[in-house]
Amino acid sequence: MKRALIIIAVIALIVMLLASPLVFAQESQGTIKTTTTSDSVRAKFKTDLEAMKLERSAYKEARSTERAEALKTRTVTYAEKQINIRLKVLTEQERRLSGANCSKVTSVDVKTPITAAITALRNDLNAALVKIKAAGTAEVARTELKSAIEKTRVFMYINPAISGLCRAGKILDKINDRFDPLIVKLKEKQVDTTVLEKELASAESSLMAAIDTYKKVLSNPSSTNNKDLLTSAKAQLKAARTSLSNFKTELAKIADELKADNNLRSNQQGETNSSSSEPVQDN
């Protein structure tokens with residue numbers, strides 16, 4: 001009986017040992033099943049995840065578009081200011097034609113070339129402004145602004161050319177209105193005016209060369225030669241002033257000679273009058 005119980009216990013133990021792998025197998029199968037379930041959940045929301053990616057791309061694109069639009073707005077605003085300040089300069093130069101610097105110039109026509117240049121430049125700048133405001137991108141606006149500046153060159157070439165032209169005209173007026181009539185009067189007094197006439201002729205030649213140079217700049221603001229032309233015109237004005245300085249030096253010398261001669265004549269006249277007024281003594 002006791003032996004039979006032992007045998008039954010051994011059999012039970014063997015059965016339990018044989019059943020253990022089944023438990024492990026079930027646990028293993030359960031783990032695999034859990035992993036599969038996680039993948040299924042992810043697969044279930046795959047469509048939503050793809051939609052989210054599309055939304056993210058759209059969001060990035062929108063931010064990029066907004067930045068581009070903001071940049072374009074700032075570029076257009078800046079370009080408008082650049083154009084408008086040049087238009088104001090042209091208006092100010094236009095006023096000079098009715099001011100003392102240019103309006104009274106009579107020896108040479110400065111009004112026609114200046115007016116023509118201002119009109120053409122104003123048209124170019126206003127046309128550029130229209131294109132800039134209609135620009136679809138900041139790059140287009142920048143390109144239009146650069147083209148407008150290079151075509152007009154208001155500050156670099158036009159402004160100094162107008163000022164120089166008016167200045168040369170005023171100096172030429174001074175020669176025609178004051179110095180030329182003075183030469184005539186001196187000749188009437190039998191004064192040798194050879195040196196004076198030479199210096200005036202040199203000054204007039206330099207002034208006319210400068211005037212022609214300034215007109216070339218005004219007629220073609222975008223020319224790459226304008227920098228050299230302005231340098232040349234400046235040198236021509238300087239040469240004219242040098243000749244006028246020499247003229248004044250010679251004129252002062254003549255004035256001193258005339259004054260000395262006049263004093264001598266006065267003294268001689270005084271001596272003559274004094275001797276003629278002495279009483280005649282009888283012997």
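Here the structure is shown first, and the text comes after it.
Since we're looking at a predicted model, the values are computed, not measured.

Peer 1: I keep staring at the overall build of the protein and nothing clicks. Help me out?
Peer 2: Along its length, the protein carries 7 helices and 0 strands. Sequence-ordered secondary structure for the protein, helices as α and strands as β, is α-α-α-α-α-α-α. By the burial criterion, 27% of the 283 residues in the protein qualify as buried. Taking the intrachain contacts of the protein between residues at least 6 apart in sequence as the baseline, contacts between residues at least 24 apart amount to 81%.

Peer 1: Got a minute to help me understand the environment of Lys-133 in this structure?
Peer 2: With respect to the secondary-structure elements, Lys-133 resides in helix 3 (residues 111-133). Taking the C-alpha atoms as reference, Lys-133 lies 9.8 Å from Lys-72; in sequence the two are 61 residues apart. Filtering out sequence-adjacent residues up to four positions away, Lys-133 remains in contact with Val-76 and Glu-80.

Peer 1: Please clarify how helix 6 (residues 194-219) should be interpreted in this entry.
Peer 2: Note that an α-helix has 3.6 residues per turn; residues three or four places apart therefore point the same way. Helix length check: helix 6, at 26 residues, gives a terminal C-alpha distance of 38 Å against a target of 38 Å (1.5 Å per residue), a fit within 8%. For helix 6, every residue scored as buried is listed here: Leu-196, Glu-199, Leu-200, Ala-203, Ser-206, Leu-207, Ala-210, Ile-211, Thr-213, Tyr-214, Val-217 and Leu-218.

Peer 1: Can you walk me through helix 3 in this structure?
Peer 2: Along its 23 residues, helix 3 runs 33 Å from first to last C-alpha, staying within 8% of the 33 Å computed at 1.5 Å per residue. Among the residues making up helix 3, those that are buried are Pro-113, Ile-114, Ala-117, Ile-118, Leu-121, Leu-125, Ala-128, Leu-129 and Ile-132.

Peer 1: Where do I start with the nonpolar core in this structure?
Peer 2: Across soluble globular proteins, you tend to see nonpolar side chains buried next to one another. By size, the foremost hydrophobic cluster in this structure holds 54 residues, and its most contacted members are Ile-83, Ile-114, Leu-207, Tyr-214 and Leu-218. Among the elements that line this core, the one with the most residues is helix 5 (residues 154-188), at 14 residues. Both domain 1 (45-152) and domain 2 (154-264) contribute no fewer than three residues apiece to this core.

Peer 1: Would you mind going over the packing of aromatic side chains with me for this structure?
Peer 2: Two descriptors summarise a pair of aromatic rings, namely the distance from one centre to the other and the angle between the planes of the rings. Here the structure, examined in full by the defined rule, presents 1 aromatic pair. Look at Phe-179 and Phe-247: their rings are 4.7 Å apart centre to centre, the planes differ by 40°, and that puts the pair in the tilted class. Of this pair, Phe-179 sits in helix 5 while Phe-247 sits in helix 7 (residues 226-276); the two residues are 68 residues apart in sequence, bridging distant segments of the chain. The same class applies to Phe-179 as to Phe-247, namely buried.

Peer 1: Any chance you could explain the state of the cysteines here in plain terms?
Peer 2: Note on terminology: a disulfide is the covalent bond linking the sulfur atoms of two cysteines. A complete count under the given rule lists 1 disulfide for this structure. Across the disulfide, Cys-102 is cross-linked to Cys-166 (sulfur-sulfur distance 1.6 Å). For the disulfide bridge between Cys-102 and Cys-166, the dihedral angle about the S-S bond is near 100°, and by the sign convention the bridge is right-handed. Pair noted here: Cys-102 is in the loop between helix 2 (46-96) and helix 3 and Cys-166 is in helix 5, with a separation of 64 residues, a long-range link.

Peer 1: Which parts of the structure should I look at to understand unusual backbone geometry?
Peer 2: Only a minority of non-glycine residues have a phi that is not negative, and only a minority of peptide bonds are not trans. Residue Arg-153 is not a glycine yet carries a positive backbone phi of 50°. Here Arg-153 lies in the loop between helix 4 (138-152) and helix 5. Positive phi, close to 65°, is recorded for Gln-190, a residue that is not glycine. If you trace the backbone, Gln-190 turns up in the loop between helix 5 and helix 6.

Cut-off values and rules
Residues numbered from 1 in each chain as written. Predicted model: local features only at pLDDT ≥ 70, side-chain atom pairs only at ≥ 80, totals over all residues. Heavy atoms only, no water. Helix = DSSP H or I, 4+ residues; strand = E, 2+ residues; numbered from the N terminus. Buried < 20%, exposed > 50% of the residue type's maximum accessible area, 1.4 Å probe, protein only. Contact = heavy atoms within 4.5 Å. Expected span 1.5 Å × (residues − 1). Core = buried A, V, L, I, M, F, W, Y, C linked by side-chain atoms within 4.5 Å. Domains from an automatic or database assignment. Phe/Tyr/Trp six-rings, centres within 6.5 Å; stacked < 30°, edge-to-face > 60°. Disulfide = S-S within 2.5 Å.

Bear in mind that shape data such as this cannot, by itself, settle questions of function.
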